[in-house]
Every structure is written in structure tokens, then in C-alpha cells.
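Here's the letter readout for the chains.
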Amino acid sequence: MTDSKKVLPGHETQSDDINCPSCGRFVGPASRCPYCKAKIPRRMSLVVFQWAAIFLATVGLFLLYLMARSREVPVVMLGNIQPTMNFGQIRVVGQAATDGRIFRNGGMGFTVSDGTGSMMVFTSQRQAQELEARNMIPKAGDSVNFVGGLNLAEDKSSMRLVSVDDFQLTRAPAATIKLKDITMDLDGSSVEVTGQVMDLVVPAAGSKRPYSLKLKDDSGEVAIKFWQTDYDRIEGKDVLNGAFIRARVTVGSYEGKLDLKLSSGADLEILDGPPSAPAPTPAQKAAATYRQSKPSRARDFSRGRSVAATSLSVSAVTADMDGKTIRVRGRVESITPPQEGTQQPFVLILADNGSRLRVAYWPSVDEVIAIKPTPGALFEVEGAVTVYEDKPQMRVTSGYKVKLVNDMPASQPTVDESKAVPVSSISEADKGQTRVVKGVLGPARSLKSGVAYSLTDDSGTIDLILWNALVPEDVQAPLEEGVRVVATGEVGIYEGQLQIKAAAGRSVMTIR
Amino acid sequence: MEAFWMVLISCVIGTVISSVISCLPGLHIYNVMGAMVLGLLALETGGTMVPPEIFVPMMIGMVVGWAMLNTIPAVLLGAPDESAMFTVLPGQKYLLSGRGYEGTMITAVGGLAGAFFIIFVLGPFAPKYLPVAQEVLKGHMHWILWVIITFILMSEWPKGGNRGPAGWAKFYDAWKTLLAGLATFFLAGLLGFIILTRSPVDHEVAFQNIMPAFVGLFAIPWCLLNMISAADVPKQRVVKGLEVDGDLILRSVWSGGLGGGLAAYLPAVTGGVGGLLAGHATAQRDERIFIMGQGVSKFVYYVGSFMLLFVPGLGLTRGGGAWMMKTLYVPTTYSDYYLALGSIAIASAVAYLMMSPLARMVLWFIDRFNYRHVSTFALVIIIVMVLAVTGWVGMFIAVVSTGIGLLPVLFGSRRLNCLGILLLPMACNMAGFGEVITRWLRLT
């Protein structure tokens, strides 16, 4: 240090920051020395960091918000739920296994099943009220599609409904039945009845008794019970006495006697005259309207990432789509990685019914792809269409947009025929186990949300159940009486009878 | 091996593991337990079932060890989790006057007193009275939470604006910490709505979906702060006696037990909030009571909330540890309850005995190595952990949360406001209008 930079007398304990680094004189907060005009380096103000933090917090939060909003909630089969998914939000596509039950606290609960498992779903009081107002309290057999938050425990697991707006319900068609045919055997099921109202017993003011409606058809007479809230929702209730009606009721029992309950006030329709052909109930109409306004979402394979485009076949991609972002599904014909040391992209050839499409993406994209494309597997890719020599091709910019749909090559059988066991070897002890069976289908029996066939082999006969939610339409299409099939599924017991519940996916295959 | 030995050995192993982990600043035991749960589930998938007699006492030991020994980084490294925030100021005073060891040991005595409180006061009465209390209070939680939120927000006071001419500049000077506090609370609340309603974290690891946010709100800002501003730590003295007596311990148990008990019982309320409420309620002024009370509070909060899951007839799930335990095992019998109480007692003793050697070891460490390097090392561990469990999405959440978590640090407001991430969404959901807000935000 030169003499000129010496600290002035009395300034020995002061920080160097307040002295000029050039001449050593006291300069205080000045940014330029008033004596020697040297520039004084200053510490960065804390205020800069304060505003940087505010900026980071708000901008980051906004981006996170956009990300969360555009994120599609993944569809997860109930049987695939793992404890690590606790608190996660998943979409469930299945059937209500029980009627929705309103609890004392005002909330509602029902059990949902998707063929791979079942789980209790709870709603808050407000959600229950909204569902009731929209006549969307599920009944056993109704198809449901909703987003739920998982609450998993070792002993019992449940879900809570995330949003009423996102709750999609499709009423299962109730079988129209003659009044004399309603017996205790139907306990717990919903049926549709038609007839003429002979009497309506209104409970006395202050009474806790329900309304009782006496209904008569050409086979008999029954009493249908319902509460004031249901009565209030019946359209045209003032002319109920003597009117011909169609109603959906739940069969139950009370003190050992048959007990018919109106499912909802909206499920009672006053007819213009004696009933003829079954017509949709107001609830079914409402459900249909709701379905039209909000179509069911396709199953999401994107692990939660947003995919906006509609899936196209390879042959549907044309040069006219140049510049558009599309989603295409096809089987991988080949995958060519870039040669070492070059800047080439990965080239994926997707094929479908003789058409081929070149899909290109950079190695950085490939690194992100969770399951790499392999020849024969069915893949879905999303990207922008470009045109090269008048031919369309695709450029994918995100690894999340290359997704496996089915890893089974088209030519490979999905059910291993060699593992088929004789039907007679299946017993009640096998309940819950997966078995492969082979045989000839009997006549189809329609179920609420599926179809049942008897399957016969040399040793015996067993019911084969195909739920629409699990077995794709194209798998079910070729099935009919007399067709020989091999099928895999879980052994179940229903009303004492053994059955095979076809597994999700391509679990039934026709054979010669 | 007999169940007794299995329990004893697992409990001691769990305590020792967590005691060592507790010395690392910023790393939370719930994150380690999360990794343990993943490991147990992987074993289960592979066909190896680990009996509950092993993992239950081990998890209890981990929680107890953490509750007792996390004071070490809180006082000696200045990187506490949010529930220890009140320990920081008096604790750092102790550190800066060369009495860091004494500070940690006073807190440890508080933890030991908390263990006595849980085993001998709470333990015998909990199965009889807590289920009744829960039955009475469960319908009132929403307004209790709103009262707590109101108290948190209203009990912060202007810290400037005393000098200068009247005007906007003076007003801003007075209100900037309050505004920063409010901004922190509501930004954290908004983050909470996003994460709890439609978490961007992959659903496969959803049980850790709030972890990156907590890491960003509390751990990363502290590590950054330590890295930027770590002061020179003076030579520390190791003493053989503590300046405490029975009266001081009882008063600490009173204030800390109340704060920790409230935090353990009420949903979304953590030890820091409980400490704030109890501090105001009991108005204890002695600095030693303050430090020891925080030891009690922290112990009762972490261990008590975990224990509530084991109380027969109650089975209340409070805190991340209990939620993780519930995915593996749901205790229902008195046998489980005695197992829990026994494990807490054993683990408390082991953890307390480890306190002194580990505190000395950390003192030796900071005497030889740069204080900032510890924080840098901790930050690296935290980032690796977030990336490993939740991927880049989790890292993004952690970065955003860090922005929010830095606000109170930079503006001098309470870090407690970051708890808006849980308090705001839960209070809204419990009051029945959470969905109205998420619908308005177009999250549902």
C-alpha cells in the first residue's frame, strides 16, 4: 500500500468499503471518490435480491399454475394403485358397485369398481348436494368417470372426489320389470317399473315417515317409498294420483319385507297414457345431455402430461397438414438411431395398414422417452407435420410425446393358448387367481355394462364375463355364439357360480 | 429372534440412523423415511416381507431421534426446519457467545422432558380422553384453523417507519415486512392449492408430492442464507453443567407441551405455529425457558403427532411420518400402543445420550471446516434428493417454492407465513369452499 492509501487516523476500525481503494480517504456511500475520482466498487443492494425473489416466486408460481392446469390427470386402474401413490390424483373409469349413500354429516360415499379392484369414494357435503341437484348420485351399475384424490392406508383405502364438474356419470339401463317379478332375489338392484298410481299416501306434517306411492300394473301392485326431497323433484307431482308413470326404483328389504325406494325424484316420469315401449327416464336424458356436453376423455398414457391433439392413424396423415401438431398412432416398423459422431436425428417409421410415416426426433428427445420404441410395438407420437418431397413426416420435440400404447407386436398372440386349463379344473379355491381357458362360446347375455358368454370345453362350462370398460370393442366384436376362443382372466364367483372375468385389454382371442 | 429383541434392536438402529442424519442441516427425517418406505415396498414387491416388529419401532426411533437431535444443526449450524425457528435467535445468541454446546444441551433436556411428558402424562390418559376430545372437536377444526391463521397474520407488527417525514416512503418502510409476510402467506397458499389439487408431480410418487415445496420453502433458503451470510463462529465451550433447575424445566414443559400438543393435534399446524401460540399464551420470558420450551415443543410435536396414530380408539393421522406409516401398517391394538410408548422411551434415552457426543463432533467439525461448506454440502444433498424422488418437475416446484421461501428471509418477516401452503388450502377445504376456489382457479 502506498502512503496515499494509508488509513486516516481514527479510521482504523472502519470497514474498507467506506474508504477509497485508490487514495484511502473516507468516501462513505459515494460511488466515485470525490478526491481522486476513482470508481468505488459497491456491494449489490439487498433490494435487488428482494425483488428477484418476488419475481421468481410470482413468475414461477404462474408457470406452475399453467402447468398444473394443462395437466391431464392419468387414468389408473384400481388394481394398479401402489402405496406410493398416496395423496395422488388419478382418474378412475369404472362402475359404481354400490348405490351412493348420503351420510349423517351430509357427505356421500359409493364404491367404484373397474374390474381390477374396487375402492370407496367419498364426497364432501357440498359435493353431495351438487351431485344430488344434478341427479348424479351414482347407483350400482352406473358407469362413472372422475378424478379422485387417493387416501391409502394399509387396512383400508379410499378416494375423495376432487371435482363435481369433472364427475361423469352414465346411468346403467335398468331392466323394465313386471311388478309381480320383483322379489327379494333382486335385493340391491335397480329396476324400472311402469304402471298406474292408485294412491299417494302423504306423511302427516312433522312425521318422519316417507311418502308411499301405490303402483299397479297388469301383474300386481307394489308400494314405492320416497322422501320429501324426492317428492319435491318430481315433475308434475300435482297430477300424480291416477297417472301412468315410469320410475326407476331400488329393490331392498325392510324387516324381512320387500322395500322399493324411488332412486330419485327425477327418476319418476309421468306418462301421457298407459306405458308402451320403454323410454329413457329424465335422469337418463340428463345423463345423455351431460355426456354430449362433456364427452368422456380417452385413456391417458402420458403419465399426466397434456396431450391435446386427437389420435390419427398413419394413413390419415397428409401433406395438407403441414405445420399442424397432430397425434398419430401406429406400429413401429423400424427405429434408426443416429450414427455416432453425426448430428442426425432418430428416425422412427410408423406403419399402419400399409401406410408408413417417418417420425424424426433428436437424441435429447430420445433421452426423455420413458419406454423406447421397439419394432412391432404400438406407439403414439405427437408432433408437428412437415413435408419433404411432397411426403408428410413428423418432427417430435418432446420425449413425453412418444408413448407406448401396447408393447405386444400385432402378430403375437396376446393370450398364451398353451397355458389354457380345463374348465373343470377351476374351483372355488381359485377365486382371485388368473386362469387361461379355451372353448366354444355359448349365447351372449347382456349385462349392465358388459356381456356374458358361457364357455364350454370338453370338461365343462364356465361363464366368461367381458366388461365394456376393460375389454376393447374391437376385441369383443368378433365374439358370438359358436366362436372358439381362448381367454384369460380372474376367477370369480357370482351367485354361487364360477366365472372368468376377462382381464383388461386384449384378453380374449378367437382361435380355430 | 424374539419379538422383544427385534423391537429393541430396530428401535436403537432407527434412533442412531436418524441421530446422525439430524446433524446434517436441511435434511428432513420424513424425506429419509420416504426413501425407507420406497425400499420396504420394493422389498414387498420382490416377495420379501419385513415384519412390522422391525419397521414400526425403527420408524419411531427415527422420529424420536430427529425430534431430539435436530437441535444440533438448528443451533450450531443455523439451519433449522421451520418448527425450530424460535430456537434460532436465542440459540444463535448462545452460539455467538461461545455457548452453542450449552444451548443444544438445554434444548435436549427439553426434549427429554417432552419424552417424560408423552410417556407419563399423555400416554396413560390418551386412550381414554383423546377419542372423546376428537369426537367433540372434529366438527370445529375449520374455524379453529381460521382463528390460527388470523392470529398468525395479525400478530406480526411493523418493524420500521419510525423515522423520517410522513409519506409513502415511511408507510412503505413500516409495512414492507407485513406486506412481505402477507404475500408469502398467500403465494404459499396458492402453491398449496396447486399442489394439493393438481400436483404436477408424477402420481407414482405422489406420497412425496409436497416434499419439494417444503424443501424450497424452508430448507433451500436457509442453506442459501448460510452460504451467503455465515458469520464467524467463536470458539465454543463444552460445559459439564447446565444453568437450569426443576422450576425452569416444569415451566418449559408447560409452554412447550402446550405448543407441541396443539401442533401435534391440529391438522396443518406445525411446531412453529404451536410454539407461537403457546409462547403468547404462557408468556414465559426467560431465555432458557424459551430454548428448553422449544425442545419440549418440537419433541411433543413430532413424536406426539406420530403417537396419535397408535392411540387405541383414536388412530389420528397427523404429520408426514404417520401418513407414511399408515401406508405400511395401521396400528389398532393396545399391543401396538405399548410398542409405540416403549419404543419412544427407549429411543428418547438413546437419542439424549447421543446428543452430547454428536454436538461435540459438530463443534469439532465447524471448528475445522468452513461453516459455509456444510450448507453447500447440505444443499447438494437436498437437490439430489428432490431430483431422485420427484424428478425435474419436483425440482421446478422446489425452485418456485424457494422464491417464496426467500421472501421472509430477505424482508425480515416470519418464515411461519410459508405454512400458508398447508393452512390456507386445508382451512378452505374444511370450511367447505375449497372447491369453489379451485374451480375459480380452473384447477378442477
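Here the structure is a predicted model, which is why all the values come from computation and not from measurement.

The helix and strand inventory of chain B stands at 17 helices and zero strands. The C-alpha radius of gyration of chain B comes to 21 Å, within 12% of the 22 Å expected for a compact globule of 444 residues. Taking the principal axes of its C-alpha atoms as reference, chain B extends roughly 75 × 60 × 40 Å. For chain B, contacts bridging at least 24 residues in sequence account for 84% of all contacts bridging at least 6. Accessible surface computed for chain B: about 17300 Å², of which carbon and sulfur atoms make up 70%. Side chains of chain B give 25 positive and 20 negative charges; the mean places of these two sets differ by 9 Å.

This brings us to the overall build of chain A. On a plain count of helices and strands, chain A comes out with six helices and 27 strands. Counting all 512 residues of chain A, 44% fall into the buried class. By sequence separation, contacts in chain A at least 24 residues apart represent 55% of the contacts at least 6 residues apart. Counting only carbon and sulfur atoms, one obtains 52% of the accessible surface of chain A, whose full area is about 26800 Å².

Here the focus is the pairing of strand β18 (residues 355–361) of chain A. All names here are of chain A. The sheet contact formed by strand β17 (residues 346–352) and β18 spans seven bridges and is antiparallel. Directly across from A351, in β18, lies its bridge partner R356. Where β17 folds back on β18, the antiparallel hairpin that results is connected by two residues, among which N353 adopts a positive phi of roughly 50°. In this structure, β18 lies alongside strand β20 (residues 391–395), joined through three bridges in parallel fashion. Counterpart to R358 in the pairing with β20 is Q393.

Further remarks concern the pairing of strand β22 (residues 434–447) of chain A. Residue and element names in this part refer to chain A. Pairing geometry for β22 and strand β25 (residues 484–494), over seven bridges, is antiparallel. Residue V437 lies in a different strand from β25, and its bridge partner there is A487. Bridge analysis of β22 against strand β23 (residues 450–456) gives six bridges, and the strand direction is antiparallel. Residue pairing in the sheet places L447 in a bridge with G450 of β23.

What follows covers helix α10 (residues 246–265) of chain B. All names here are of chain B. Helix length check: α10 (20 residues) gives 27 Å between terminal C-alpha atoms against 28 Å at 1.5 Å per residue, within 8%. When α10 is considered as a whole, its buried residues turn out to be L248, S252, V253, S255, G256, G257, G259, G260, A263, A264 and Y265. Considering only its buried residues, α10 is in contact with α6 (100–137), α7 (141–154), α11 (271–282) and α12 (287–308).

A separate point is the interface of chain B and chain A. Counting from both sides, the interface comprises 47 residues of chain B and, opposite them, 44 residues of chain A. Between chain B and chain A, the buried area comes to about 4200 Å², and carbon and sulfur atoms account for 65% of it. When residues of chain B are sorted by the area they lose upon contact with chain A, R198(B), H203(B) and L410(B) head the list and together hold 17% of the total. Of the charged contacts in the structure, one is a salt bridge between D165(A) and R439(B), with a shortest N-O distance of 3.0 Å. One can count 15 residue pairs in polar contact (both at pLDDT 80 or more) joining chain B with chain A.

The next point concerns empty space enclosed by the protein. In total, this model carries one cavity of 30 Å³ or more according to the counting rule given. Considered as a void within the structure, the largest cavity measures approximately 40 Å³ in volume. As for the largest cavity, its lining consists of R71(A), G88(A), Q89(A), S199(B), V201(B), D202(B), H203(B), A206(B) and N209(B). Of the residues assigned to the lining of the largest cavity, the class counts are two nonpolar, five polar and two charged.

Moving on: α7(B). Residues and elements named next belong to chain B. Between the first and last C-alpha of α7 there are 20 Å, a value that for 14 residues agrees with the 20 Å anticipated at 1.5 Å per step. Those residues of α7 not exposed but buried are M141, I144, L145, I148, I149 and I152. Down the axis of α7, the smallest arc covering the buried residues is 140°, so these residues share one side. Among the structural elements, α6, α8 (168–198), α10, α11 and α16 (420–431) are those in contact with the buried residues of α7.

Let us look at the environment of T456(A). All names here are of chain A. Locating T456 in the fold gives a position in strand β23. Note on T456: relative accessible area 33%, which makes it partly exposed. Apart from residues lying up to four places away in sequence, T456 is in contact with G439, V440 and T461. Of the polar contacts made by the side chain of T456, one reaches the side chain of T461; its length is 3.1 Å.

Here we come to the packing of aromatic side chains. All told, the structure shown has 26 aromatic pairs over all chains when counted by the stated rule. For the pair W66(B) and Y302(B), a centre-to-centre distance of 6.3 Å together with 90° between the ring planes defines the contact as edge-to-face. Here Y302(B) lies in helix α12 and W66(B) lies in helix α3 (residues 52–69), a separation of 236 residues in the sequence. In this pair, the class of W66(B) matches that of Y302(B), namely buried. Seen from their ring centres, F125(B) and Y129(B) are 6.3 Å apart, and the 40° between their planes marks the pair as tilted. Of the two residues, F125(B) and Y129(B) both sit in helix α6, four residues apart, roughly one turn of that helix. Through a chain of ring-to-ring contacts, three or more aromatic side chains come together here, namely Y30(B), W66(B), Y301(B) and Y302(B). Its end group placed over the ring of Y35(A), R25(A) keeps NZ or CZ at 5.1 Å from the ring centre. The ring of W66(B) carries K298(B) above its face, with NZ or CZ at 5.8 Å from the centroid.

All names here are of chain B. You can see T184 is positioned in helix α8. On the accessibility criterion, T184 (0% relative accessible area) is buried. Residue contacts for T184: discarding those within four places in its chain leaves I404, L407, P408, N417 and C418.

What follows is about the environment of D474(A). As for its position among the elements, D474(A) is in helix α6 (residues 473–476). Distance from D474(A) to T342(A), taken between C-alpha atoms, is 43 Å for residues 132 residues apart in sequence.

Let us now look at the packing of α8(B) against α16(B). All names here are of chain B. Packing of α8 against α16 brings their axes to within 7 Å, and their N-to-C directions diverge by 65°. The angle between α8 and α16 places the two elements in the roughly perpendicular class. For α8 against α16, the interelement crossing comes out right-handed. Contacts between α8 and α16 pair F185, F186, A188, G189, L191, G192, F193 and L196 from the former with G420, I421, L423, L424, P425 and C428 from the latter. Residue composition of the contact of α8 with α16, by class: 11 nonpolar, three polar and no charged.

Criteria and cut-off values
- Starting from 1, residues in each chain are numbered consecutively following that chain's sequence as written.
- Think of it this way: whatever chain is written first is A, whatever ligand is written first is 1, and the rest follow in order.
- In view of the model being predicted, local features appear only for residues whose pLDDT reaches at least 70, and side-chain atom pairs are presented and counted only at 80 or more, with totals across whole chains, interfaces and linings using the full set of residues.
- Heavy atoms throughout the structure, all of them, feed into the side-chain values; hydrogens and water do not.
- Only DSSP runs of H or I with at least four residues qualify as helices, and only runs of E with at least two residues qualify as strands; both kinds are numbered from the N terminus onward.
- Only C-alpha atoms enter the radius of gyration; for comparison, a globular chain is expected to reach 2.2 Å times N to the power 0.38, where N is the number of residues.
- The contact rule is simple, with two residues in contact once any of their heavy atoms fall within 4.5 Å.
- Note on areas: these come from Shrake-Rupley sampling with a 1.4 Å probe, and a residue is covered only by the protein chains present in the view.
- When charges are counted, Lys and Arg are positive and Asp and Glu negative, with His and the chain ends excluded.
- A single reference atom marks each charge: NZ on Lys, CZ on Arg, CG on Asp, CD on Glu.
- Buried, partly exposed and exposed residues are distinguished by accessible area as a fraction of the type maximum, computed with a 1.4 Å probe on protein chains only: under 20%, between the cut-offs, and over 50%, respectively.
- Here, a strand pair is defined by DSSP locating no fewer than two bridges between the strands.
- One less than the residue count of a helix, multiplied by 1.5 Å, gives the span that helix is expected to have.
- Once two parts are joined, some of their accessible surface, as seen by a 1.4 Å probe, is lost; buried area is that loss totalled over both.
- Here a salt bridge means any side-chain nitrogen of Lys or Arg lying within 4 Å of a carboxyl oxygen belonging to Asp or Glu.
- Here a polar contact is recorded for every N or O atom pair within 3.5 Å, except that within protein the pair must consist of a potential hydrogen donor and a potential acceptor, and residues adjacent in sequence are included only if both atoms are side-chain atoms.
- Buried and open spaces are told apart on a 1 Å grid over the protein atoms alone, a cavity being a set of points where a 1.4 Å probe fits but cannot get out and a pocket being an open set with protein on both sides within 12 Å along at least five of seven lines. Residues with an atom within 4 Å of a point are the lining residues.
- Grid points are joined across faces, edges and corners, and a volume is the space filled by probe spheres set on the points.
- Think of it as three bins: nonpolar holds Ala, Val, Leu, Ile, Met, Phe, Trp, Tyr, Cys and Pro, charged holds Asp, Glu, Lys and Arg, and polar takes everything else, Gly as well.
- Working note: the arc is built from the helix axis to C-beta atom directions.
- In this analysis, rings of Phe, Tyr and Trp, with Trp reduced to its six-membered ring, are considered paired at centre separations within 6.5 Å, and the interplanar angle assigns stacked below 30 degrees, edge-to-face beyond 60, and tilted for intermediate values.
- Two thresholds decide whether a charge sits over a ring: the Lys NZ or Arg CZ must be within 6 Å of the ring centre and within 35 degrees of the ring normal.
- Under this scheme, a helix contributes an axis fitted over its contacting stretch, all axes are lines through C-alpha atoms, and angles between N-to-C directions fall in the 0 to 180 degree range.
- With respect to orientation, any angle under 35 degrees is reported as roughly parallel, any angle over 145 as roughly antiparallel, any angle of 65 to 115 as roughly perpendicular, and every other angle as oblique.
- Each crossing gets its hand from how the near helix is turned against the far one by less than a right angle, where anticlockwise is left-handed and clockwise is right-handed.

Such coordinate-based values are descriptive only and should not be taken to indicate function.
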